[in-house]
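Residue strings, one per chain:
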Amino acid sequence: MDVNIIRCARTVLHVRDLEASRRFYVEALGFIETESDGSHLYLRGLEEHCHHSIVLKKKAEPAVEALGYKVSCAEDLDRLAAMFSEKGHAVSWLEKGSQKAMGRALRVMDIVGLPLEFFAEIEPAERMLQRYDLYKGARVQRIDHFNCMVSDVGAAQEFYQNELGFRCSEYTNTPEGDVWATWLHRKQTVHDVAFMNGPGPRLHHIGFWLPDPLAIIHACDVLASMGYGDQIERGPGRHGLSNAFFLYLRDPDGHRIELYNGDYLTSDPDFKPIRWDINDPMRQTFWGHAAPDSWFEEAMPVLDIQTDKPVPLNPGKLKQHKPTFVI
Ligand SMILES: [Fe+2]
């Protein structure tokens, strides 16, 4: 389809306590608070020149409302709506002005039950990259990717590649040759979205870019100093797959945030996707240390765009492997 999806660009998360969220995201992670009201926080990273990349909405239960992608123009939204409707997917429109700082937005349920949002227009905001005097906490720079646990990775990969124009940078195969996990991109990095086999659809984590590995080490010090040591779930470490230098955190509501660095360029048309065997231990942690069970088992529910209820889970289609070999 002739649609130009630019990149993963924003997410809407439900949280229970905005003050707790503000302390974690603004004070500890260093997001810029663009705007807020009694029920929303709108946050952006230091280099982001748009109003926000993350919306935290005060609700009774934590959940994921939408995973947002920016497209190049309004016509792309119409083309996407036609395609999703033709294939029988739920589609809804949010008109300009119905969401803070947002132009017209299209919401759809994708092939594996994830609530997606596409938009072409968002209000600009001052880019703070060189306001070093305002840097604090983990000094988050920008949103980088979504990672989702889904029941049928093969179906997701096929849909995102064939219908939405994503390209694969890296993937994990089972001994039987099935795709256990896949990293797909629109911008010229390793990924905008990754899919992993497991009970889903659920959001596993949102990745945010930090400038270098030392920034991630500094983030650990800041988090520990603020009493968030228990919320460091995994890392710091390096994934073999994607070369990511990572730190995984849980926010006050359990949403998993990855602080991420180590990406590489995937622009060339002759770039060949990198294959990993699921039983290669260097794939998940290059240095060899194991990940906690929670990292493999826990992820956040996503909401249906029409009912606002959590989307029921389906089990992972592929046979479960030993936890330390899952990703
Ligand atoms: Fe990630």
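Residues numbered from 1 in each chain as written. Predicted model: local features only at pLDDT ≥ 70, side-chain atom pairs only at ≥ 80, totals over all residues. Heavy atoms only, no water.

Attention now goes to the sheet that holds strand E7 (residues 105-109). Taken together, eight strands build an open sheet; the order of strands is E2-E3-E4-E1-E5-E8-E7-E6 and the sheet is mixed. The open sheet has two edge strands with one neighbour each: strand E2 (32-37) and strand E6 (91-94). Each adjacent strand pair in this sheet contributes to an overall mean axis angle of 20°, direction not counted. Examined bridge by bridge, E2 and strand E3 (residues 40-44) share five bridges and lie antiparallel to one another. Its bridge partner lying in E3, Ser-36 is registered against Leu-41. Contacts from helix H1 (residues 18-28) reach strand E1 (5-15), E2, E3 and strand E4 (54-58), with the element oriented near 5° to E3. (Pairing = 2+ DSSP bridges. Helix = DSSP H or I, 4+ residues; strand = E, 2+ residues; numbered from the N terminus. Axes fitted to C-alpha atoms, helices over the stretch in contact; angles between N-to-C directions. Contact = heavy atoms within 4.5 Å.)

This brings us to the layout of surface pockets. In this approach a probe as big as a water molecule rolls over the atoms, and the regions it shows empty are the leftover space. The calculated volume of the largest pocket comes to roughly 440 Å³. Lining the largest pocket are 24 residues, with His-14, Lys-57, Glu-65, Arg-107 and Asp-308 positioned closest to its centre. Residue assignment for the lining of the largest pocket shows that the elements contributing at least two residues are E1, E3, E4, strand E5 (63-71) and E6. By residue number, the principal contributor to the lining of the largest pocket is E1, which donates three residues. Taken together, the residues that form the lining of the largest pocket break down as 10 nonpolar, five polar and nine charged. Its boundaries defined by the atoms lining it, the second largest pocket holds a volume of some 170 Å³. Around the second largest pocket, the lining residues are Arg-7, Cys-8, Glu-47, Glu-48, His-49, Cys-50, Lys-70, Arg-142, Ile-143 and Lys-187. When grouped by side-chain class, the residues that make up the lining of the second largest pocket number three nonpolar, one polar and six charged. (1 Å grid on protein atoms, 1.4 Å probe; cavity = no way out; pocket = protein on both sides within 12 Å on 5 of 7 lines; lining within 4 Å. Points joined across faces, edges and corners; volume = space filled by probe spheres on them. Nonpolar A, V, L, I, M, F, W, Y, C, P; charged D, E, K, R; others polar.)

Turning our attention to the pairing of strand E15 (residues 245-250). For a regular strand, side-chain orientation follows a simple rule: the groups alternate between the two sheet faces. Burial runs high along E15: six of the six residues are buried. The side-chain alternation of E15 yields two buried faces, one formed by Phe-245, Leu-247 and Leu-249 and the other by Phe-246, Tyr-248 and Arg-250. In this sheet, E15 lies alongside strand E14 (residues 232-238) in antiparallel orientation, the contact comprising four bridges. Bridging across to E15, Arg-238 finds its partner in Phe-245. The hairpin formed by E14 and E15 contains six residues between the paired strands, and Ser-242 there has a positive phi angle of roughly 80°. (Buried < 20%, exposed > 50% of the residue type's maximum accessible area, 1.4 Å probe, protein only.)

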